[in-house]
Amino acid sequence: ICFVWFAGFSPSLLRAFICTMLTILAAIAGTKEPDMLSILSFSFLLQCAISPSDIHTTGFILSYGALAGILLTARFFTRFYSSFTPKSISASLSAATGAQTLTAPISLKLFGSFSPIGILSATIVSPFITVFIYSGLLLIILSLIFPVLAKASGIFINLQYTVIKSIV
């Protein structure tokens, strides 16, 4: 909630926010393993009702396409990749391939091209992004508690960002 309030409700962030809230509501209702495709579908309908102008944006189309691709193809690609890669790598490759599966035709239509190298790139960069996100959250909390750390935290986050940018 705080992140979306801070960053603003772009179409893809609104999708993530709605999906997160629906997942939390499902957990509160006692659902052990909610059907993520149903949550994504309901999120789609809700976002169309809340913000119909989002429907025509690239962020909306690619965000729903990527997540639908992951949800619809995850089992297939996980089985495929796990036959020759470790579980952590096969999971990342599966998610990236699933996202590409449904967004490639959209990218071809909107941009005239798509980059299959994104599958490998996402797999390599994902661990760095995870560290970046969690360390950023920790540093925000620490900087709020100890304001003297704010400048050093900013330097560290910028260093991480530079490393990620170089890898990409």
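This is a predicted model, so every value here is computed, not measured. (Residues numbered from 1 in each chain as written. Predicted model: local features only at pLDDT ≥ 70, side-chain atom pairs only at ≥ 80, totals over all residues. Heavy atoms only, no water.)

1. Remarks on the environment of Leu62
Here Leu62 is to be found in helix H4 (residues 58-82). For Leu62, a relative accessible area of 22% corresponds to the partly exposed category. Counting along the chain gives 41 residues from Leu62 to Thr103, while the straight-line C-alpha distance between them is 6.1 Å. In this view, Leu62 contacts Thr103, Ile106, Ser107 and Phe111; residues no more than four positions away in its chain are not counted. (Helix = DSSP H or I, 4+ residues; strand = E, 2+ residues; numbered from the N terminus. Buried < 20%, exposed > 50% of the residue type's maximum accessible area, 1.4 Å probe, protein only. Contact = heavy atoms within 4.5 Å.)

2. Details of the packing of helix H5 (residues 87-111) against helix H6 (residues 117-145)
At their nearest, the axes of H5 and H6 sit 8 Å apart, and the two run at 135 degrees to each other. Comparing their axes, H6 and H5 come out oblique. The chirality of how H5 crosses H6 is right-handed. Seen from H5, the contacting residues are Ile89, Ser92, Leu93, Ala96, Thr97 and Gln100; seen from H6, they are Gly118, Ile119, Ala122, Thr123 and Ser126. Of the residues belonging to the contact of H5 with H6, the class tally is 5 nonpolar, 6 polar and no charged. (Axes fitted to C-alpha atoms, helices over the stretch in contact; angles between N-to-C directions. Parallel < 35°, antiparallel > 145°, perpendicular 65-115°, else oblique. Left-handed = near helix turned anticlockwise from the far one by under 90°. Nonpolar A, V, L, I, M, F, W, Y, C, P; charged D, E, K, R; others polar.)

3. A word on the nonpolar core
Counting residues in each nonpolar core, the largest one holds 10 residues, listed as Leu14, Ile18, Cys19, Leu22, Ile39, Leu40, Cys48, Phe60, Tyr64 and Ala68. Listing elements by their share of this core, those giving two or more residues are helix H2 (11-28), helix H3 (36-50) and H4. For this core, the leading source of residues is H2, giving 4 residues. The contact partners of Ala68, leaving out residues within four places of it in the chain, are Leu40 and Leu102. Core analysis: the next-biggest nonpolar cluster, separate from the first, contains 5 residues, Phe77, Leu93, Ala96 and Ile119 among them. (Core = buried A, V, L, I, M, F, W, Y, C linked by side-chain atoms within 4.5 Å.)

4. Some thoughts on the packing of aromatic side chains
In total, this model carries 9 aromatic pairs according to the counting rule given. Between the aromatic rings of Phe60 and Tyr64, the centroid separation amounts to 4.8 Å while the plane-to-plane angle is 55 degrees, which identifies the pairing as tilted. A residue pair is termed a helical-turn pair when its members lie 3 or 4 positions apart in one helix, as Phe60 and Tyr64 do in helix H4 at 4 residues. The pair formed by Phe60 and Tyr64 is uniform in burial state, with each residue classed as buried. Every member of this aromatic cluster is reached through a ring pair, and the members are Phe76, Phe77, Phe80, Tyr81 and Phe84. (Phe/Tyr/Trp six-rings, centres within 6.5 Å; stacked < 30°, edge-to-face > 60°.)

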